[in-house]
Amino acid sequence: MGGRKIRKGRGMVGSGVWRLWGGGAVICGLLLIAGRLTAGDEPVLRNMKYTSRTSADAAAWQQDLRAKLWPLLKLDDLVAGRASIALNPALISSETKDGYQLQEVEINSTPARRIKVLVARPVGAVSSRPAVVCLHGHSGNRRIVYEANSLYRGFATALAERGYVTIAADVGQHKIYEAERTLMGERLWDLMRCVDYLESLPEVDKSRIGCGGLSLGGEMAMWLGAMDMRIAATLSSGFLTRMDQMERNHCMCWKFDGLRELVDFADIYSLTAPRALLCQNGLQEPPSQFPVSLAADALREIGLIYADYGQSQNATLQAHLEGHIINLPGLLSFFDETMRHVEQTVGE
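**Student:** Go over the overall build of the protein with me, naming the residues and quoting the values.
**Tutor:** The helix and strand tally for the protein stands at 10 helices and 12 strands. For the protein, with 348 residues in total, the buried portion stands at 57%. The long-range fraction of contacts in the protein, counting pairs at least 24 apart against all pairs at least 6 apart in sequence, stands at 69%.

**Student:** Go over the packing of aromatic side chains, please, and point to the residues and values.
**Tutor:** Using the criterion set out here, one finds 6 aromatic pairs in the structure. Between tyrosine 50 and tryptophan 61, the ring centres sit 4.9 Å apart and the planes meet at 70°, which makes this aromatic pair edge-to-face. Taken together, the residues tyrosine 50 in the loop between β3 (24-28) and α1 (55-73) and tryptophan 61 in helix α1 connect sequence positions 11 residues apart. Both rings, one in tryptophan 254 and one in phenylalanine 265, keep their centres 5.5 Å apart while their planes meet at 65°; by these two values the pair is edge-to-face. With tryptophan 254 in the loop between α6 (243-246) and α7 (259-262) and phenylalanine 265 in helix α8 (residues 265-270), this residue pair connects regions lying 11 residues apart in the sequence. Across the pair, phenylalanine 265 and tryptophan 254 agree in class, each one buried. An aromatic cluster is defined as three or more aromatic residues linked by ring pairs; in this entry it consists of Phe239, Trp254, Phe265 and Phe290.

**Student:** Explain the nonpolar core residue by residue, including any values.
**Tutor:** Counting 76 residues, the largest nonpolar core has Leu73, Val133, Leu188 and Trp223 as its most contacted members. Ala120, Ala168, Leu214 and Ile326 belong to the second largest nonpolar core, which has 29 residues in total.

**Student:** Which residues make up the environment of aspartate 205, and what values go with them?
**Tutor:** With respect to the secondary-structure elements, aspartate 205 resides in strand β9 (residues 204-214). Taking the C-alpha atoms as reference points, aspartate 205 and arginine 129, 76 residues apart in sequence, are found 5.3 Å from one another. Apart from the residues within four sequence positions on either side, aspartate 205 is in contact with Ser128 and Arg129.

Criteria and thresholds
- Residues numbered from 1 in each chain as written.
- Predicted model: local features only at pLDDT ≥ 70, side-chain atom pairs only at ≥ 80, totals over all residues.
- Heavy atoms only, no water.
- Helix = DSSP H or I, 4+ residues; strand = E, 2+ residues; numbered from the N terminus.
- Buried < 20%, exposed > 50% of the residue type's maximum accessible area, 1.4 Å probe, protein only.
- Contact = heavy atoms within 4.5 Å.
- Phe/Tyr/Trp six-rings, centres within 6.5 Å; stacked < 30°, edge-to-face > 60°.
- Core = buried A, V, L, I, M, F, W, Y, C linked by side-chain atoms within 4.5 Å.

As structure tokens, then:
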């Protein structure tokens, strides 16, 4: 568990460094792994793989890759017209908790579709607060990230009790709601609208919005942090891996036309640079799922762009002692460190 004391040590993983701390290992990725091309007449995969370059060229690569991904996700029209899509929030219910209000709200996602979100707002906040978009995995829903007895360990509740604003939406659907969209695009767009809603709240500091999730939620945190520059810190748990691994014995909802020709997951994560990124993978993950070995390989590639920005310390991997589960102490430490202090509330 995250609270166990473990003797500190140091060692080498490729050219990266790991050290044991509080029940986990932090691995800073700095080594480029050679790319892979398919043979014969098959299409070339990953033709936008990141390779080391100047910081200015790294920023240009990020801009170019996002420009290619928006139309593949079939979101380019929504992104271009987002400012004209009113949220029109409607309060469904409100419940007083310990230090915060838990509200269910309905908002416009697109001009033709509304979604429900669950929002925790501190009671009596007198100044701007950090906020986190909290993401569930397969078979979950917007409520489960608030439940302490789940794989998510109630991290949305834990953050709310620390004074954060938190928001959760349902992103586990396997149906496309609107014609000419993609599944991954609709999931991502709903999360971007969560960020829009957070920005509309007077107590939210727009410069301190993060996201975090487990499994599919870790995947969606990857996408949200990569494609939405408003995300200051990304926590991706139980997902960092390679696309070859996900082709076998996994739900294929991650895949859409044109994706593999462009990138692997390391390249998508690289779009977060130089903003803060923490990935969590459990040492008890079986080889067929999300093993630390694959995560460490992927992080070495992600570390390239962070090194090019001069911010290698901002991309880390926590290899904790459990399996496919949120490491709550690591998550809370990450957001507290990246979002800095949380201001006082009335009466404290």
